[in-house]
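Results of the structural survey
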Amino acid sequence: MTDPTPPQPAARTADAPPRAENSAIPRARPEHATEAQESVRPGRPGTPAAQEPPAVREPAAGGKARESERLSFVGAATRRIARGIDLDETVLGLCRATVPTFSDAILVYLRDPLPVGDEQPVNPMVLRLRRTDRIPESLPGGGALAAVNGAGLGAPALPLLTAAASRLEVRANGPLAEVMRGVRPVFALSDVPRSALRELTGSAHLPEGQRAILAPLRGRRRVIGATVFLRRPDRAAFEHDDLQVAAQLATHSALGVDKAVLYGREASIADELQRTMLPDDLPQPTGVRLASRYLPAAQSARVGGDWYDAIPLPGSRVALVVGDVMGHSTTSAAIMGQLRTTVQTLAGLDLPPQEVLHHLDEQAQRLGQDRMATCLYAVYDPVAHKITAANAGHPPPVLLHPDSSTDLVLLPPNAPIGVGGVDFEAVELDAPAGSTLVLYTDGLVESRTRDVWTGVEQLREKLTETVRLTRPDAAPPLEPLCDEVLDIVGPGDRDDDIALLAARFVGIAPDNVSFRRLDPKAESVREARKLVRESLQRWHLEELLDSVELLVSEVVTNAVRYAERPVTLRLLRTDVLRCEVGDDVPQLPRLRQAGPADEGGRGLYLVQRLARNWGATRLSTGKLVWFEVAMSAGPDQPRP
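Let me begin by describing the structure that accompanies this report.

So, how was this worked out
Residues numbered from 1 in each chain as written. Predicted model: local features only at pLDDT ≥ 70, side-chain atom pairs only at ≥ 80, totals over all residues. Heavy atoms only, no water. Helix = DSSP H or I, 4+ residues; strand = E, 2+ residues; numbered from the N terminus. Buried < 20%, exposed > 50% of the residue type's maximum accessible area, 1.4 Å probe, protein only. Contact = heavy atoms within 4.5 Å. Areas by Shrake-Rupley, 256 points an atom, 1.4 Å probe, with all protein chains shown as cover. Axes fitted to C-alpha atoms, helices over the stretch in contact; angles between N-to-C directions. Left-handed = near helix turned anticlockwise from the far one by under 90°. Nonpolar A, V, L, I, M, F, W, Y, C, P; charged D, E, K, R; others polar. Pairing = 2+ DSSP bridges. Phe/Tyr/Trp six-rings, centres within 6.5 Å; stacked < 30°, edge-to-face > 60°. Lys NZ or Arg CZ within 6 Å of the ring centre and 35° of its normal. Core = buried A, V, L, I, M, F, W, Y, C linked by side-chain atoms within 4.5 Å. Salt bridge = Lys/Arg side-chain N within 4 Å of Asp/Glu carboxyl O. Arc of directions from axis to C-beta.

1. A closer look at the overall build of the protein chain
Helices and strands together make up the secondary structure of the protein chain, namely 14 helices and 21 strands. Looking at the protein chain as a whole, 52% of its 640 residues qualify as buried. Residue pairs at least 24 apart in sequence account for 68% of intrachain contacts in the protein chain once pairs closer than 6 positions are excluded. Carbon and sulfur atoms provide 51% of the accessible area of the protein chain, an area that totals close to 29600 Å².

This is the structure in structure tokens:
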């Protein structure tokens, strides 16, 4: 079968209708004009050619004027299409640029799913109707468009809009596949294009003559869809030059779709990268409540170098970390992930805050030049009610007291991470029960319209105001408190990412702690059991006495057997009963299955069976073995 695409105007076929005297594409409409306004202006696409004023009509010799109008229209339309960033904006741009200026209605089909980059498309080809658009049946102000030449837009002038299938599978050797392989736009004149249009839309009523153009959408590597341009019977039919216009529109739209799909994939990867770099859920360590927020610099690029973390440490302590890598790009997010992993590793070694920052600075230098970051690392001890913190060029945290007063925690600022050769200094501070430490990145307090210290003062005022709105005998809930804090950032102040970490210090009261230092000898096991009996009886936990006494005996026995320095035993009563045994032996215990003839090796097996949870952690001075036992809620049991 011959190619259905008509040749150029110079070699026009005999069955092609003569060129219309009036221009099929009027001048491009202004950007501020609405579609409704365009459709009722004389000589504009909403007005039939028969009703155009004579001054608008051009003689056949005015080919240059018509060509100029077409070029102007194509330029304006492609600019409108190119504005789109995501897929929906690109397709909408095509529809808005062509209806009603070029056509009265449009249907846009795209592959489902759309291949990304070098991905091989799914076979067989499946097309999904992404969007349709048409001239509205009525316009504001009572100007009805339905009475043009006695044919309303709601009449069966454009039946394809209602009959179009939302999803279809393209037959491999069918007419639609043949037209799409040809790539070029075609009129619905000959049998193959008409059959292709019928297969695409599922409609038995097709426009007559040159009133429908079927244009395949070819991207950078393959055909990714098709679009159909339609005109009503009361309007001038498409001309042969309009095929070139349709080809330009289809090409720019297809390239825009490719760009949008690639952008969507990159944004999805960057977003997933950012989510994996930040903690999914904050831990619930003993004696502290935590809440956090993270806001990217822009919704279109949800990546950045800000991070926060809360890391449980031995001895019921917790490390609070907040940091900011220079920039907010995918590279910044990758560097942030490496630094966060380094901090977690260093925290697991139980190093003091100044040592953590020192090693983090060395790691940043190994990553390359100009890997700058700020970081604040603080360790909270709920038993001692103390904070030990070190700062590397980060904004100072704010300590909120229950009486609504605030203190700016002024730590030695030191130099940022990555400078090298910096001697970091740590400071120990009081952390009263009921107070809240707010750690943040500079995106919360600094922008183009305000400096850091102005933002810090606004943060303190917001915290004070929030506490005053709370009952006098209750601290403000942490989650709403974080939301209130973010309100200090105005709509135009989002210049950088924001990471926020709020820690409510609950602490552990002294009467819920039992501590004993034991000599590394066998007789100390009896002393450990005695401490367990006295503590559990004082706490009215006699039902746990047998199991806890057995577990403490096993763990302490293993500690005093190999230790050379005194062994520590501590019992903590919170929402669980926690036992911690520390010694100076760095080797961690390993659970193993003892044989029938073995005299030892069953201690940790008992701990695993009887305790709710257990673990062992290396300390700078040795190791700490701990286990937790669940307890029933009693009348005097402390609540978390």
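2. Focus on the packing of helix α8 (residues 330-348) against helix α9 (residues 353-367)
Contact pair α8 / α9: the axes reach a minimum separation of 10 Å and the direction vectors enclose 145°. As α8 runs across α9, the sense of the crossing is right-handed. From α8, Ile335, Gln338, Leu339, Thr342, Val343 and Leu346 reach across to α9, where they touch Val356, His359, Leu360, Gln363, Ala364 and Leu367. Across the contact of α8 with α9, the residue classes break down as eight nonpolar, four polar and no charged.

3. Notes on the environment of Ile335
Residue position: Ile335 is located in helix α8. Taking the C-alpha atoms as reference points, Ile335 and Met372, separated by 37 residues in sequence, lie 9.6 Å from one another. Among residues more than four places away in sequence, those in contact with Ile335 are Val325, Leu367 and Arg371.

4. Remarks on the sheet that holds strand β21 (residues 622-630)
Across the sheet, five strands lie side by side as β17-β18-β19-β21-β20; this open sheet has antiparallel pairing. The open sheet has two edge strands, β17 (513-518) and β20 (613-619), and neither has a second partner. For this sheet the average axis-to-axis angle between neighbouring strands, irrespective of direction, equals 15°. Across the sheet, helix α12 (residues 524-538) lies against β17, β18 (567-573) and β19 (576-583), angled at about 170° from β17, the strand it touches most.

5. Topic: the pairing of strand β1 (residues 105-111)
Burial within β1 is extensive, with seven of its seven residues counted as buried. Pairing of β1 with strand β6 (residues 223-230) involves six bridges; the strand directions are antiparallel. Note that in β6 the partner of Val108 across the bridge is Thr227. Pairing geometry for β1 and strand β2 (residues 126-134), over seven bridges, is antiparallel. When the sheet's bridge partners are listed, Ile106 is paired in β2 with Asp133.

6. With respect to the packing of aromatic side chains
Enumeration over the complete set of coordinates arrives at four aromatic pairs. Ring centres of Phe73 and Phe102 lie 5.8 Å apart, and the angle between their planes is 20°; on these two criteria the pair is classed as stacked. Within this pair, whereas Phe73 is found in helix α2 (residues 63-82), its partner Phe102 is found in the loop between α3 (87-98) and β1, the two being separated by 29 residues in sequence. For Phe73, a relative accessible area of 3% gives the class buried. The lysine or arginine in question, Arg231, covers the ring of Phe102, its NZ or CZ lying 5.7 Å from the ring centre. Sitting above the plane of the Trp626 ring, Arg578 keeps its charged end 4.4 Å from the centroid.

7. A look at the environment of Lys386
Checked against the element boundaries, Lys386 lands in strand β11 (residues 386-392). Accessibility expressed as a relative area gives 28% for Lys386, which makes it partly exposed. When the C-alpha positions of Lys386 and Ala431 are compared, they lie 5.0 Å apart, and in sequence the two are 45 residues distant.

8. Observations concerning the environment of Pro382
One can find Pro382 in the loop between β10 (373-381) and β11. Look at Pro382 and you get buried, because its relative accessible area is 0%. Along the chain, Pro382 and Thr286 lie 96 residues apart, while their C-alpha atoms are 7.4 Å from each other. Apart from residues no more than four positions distant in its own chain, Pro382 is found in contact with Thr286, Gly287, Ser316, Arg317, Gly507 and Ile508.

9. Some details on unusual backbone geometry
With omega at 5°, the peptide bond leading from Val99 into Pro100 counts as cis. Within the secondary structure, Pro100 sits in the loop between α3 and β1. Despite not being glycine, Ser316 has its phi angle at roughly 65°, a positive value. Owing to a relative accessible area of 6%, Ser316 belongs among the buried residues under this scheme. Of note, Asn414 is a non-glycine position whose phi angle comes to about 55°, a positive value.

10. Quick word on the nonpolar core
Ranked by size, the top nonpolar core spans 51 residues in total, and within it Trp307, Leu320, Leu357, Tyr377, Ile417 and Phe505 carry the most contacts. Ignoring sequence-local partners within four residues, the contact set of Leu357 consists of Cys375, Tyr377, Ala390, Asn391, Ala392, Ile417 and Phe424. The next biggest cluster of nonpolar side chains, apart from the first, holds 33 residues, and it includes Leu94, Leu110, Ile135 and Ala215.

11. Here's the deal with the pattern of salt bridges
Side chains that differ in charge, positive against negative, can pair when their charged atoms come close. Under the counting rule described, the total for this entry stands at 27 salt bridges. The partner of Glu580 in a salt bridge is Arg578, and the shortest N-O contact between them spans 2.7 Å. Taking the relative accessible area as the measure of exposure, Glu580 reaches 4% and is therefore buried. Residue classification places Arg578 among the buried positions, given a relative accessible area of 11%. The shortest N-O distance in the salt bridge between Glu628 and Arg578 comes to 2.9 Å. Linking Glu628 in strand β21 with Arg578 in strand β19, this pair joins segments that are 50 residues apart in sequence. Among the residues examined, Glu628 registers a relative accessible area of 10% and is labelled buried. Among the charged side chains, a network of salt bridges with common partners joins Arg570, Arg578, Glu580, Arg612 and Glu628.

12. A word on helix α11 (residues 478-486)
Of all the residues in α11, the buried ones are Leu478, Leu481, Cys482, Val485 and Leu486. Along the axis of α11, the buried residues cluster in a sector spanning 135°; they form a single face. Contacts made by the buried residues of α11 are with β7 (288-295), β12 (398-400), β15 (436-440), α10 (452-468) and β16 (498-505).

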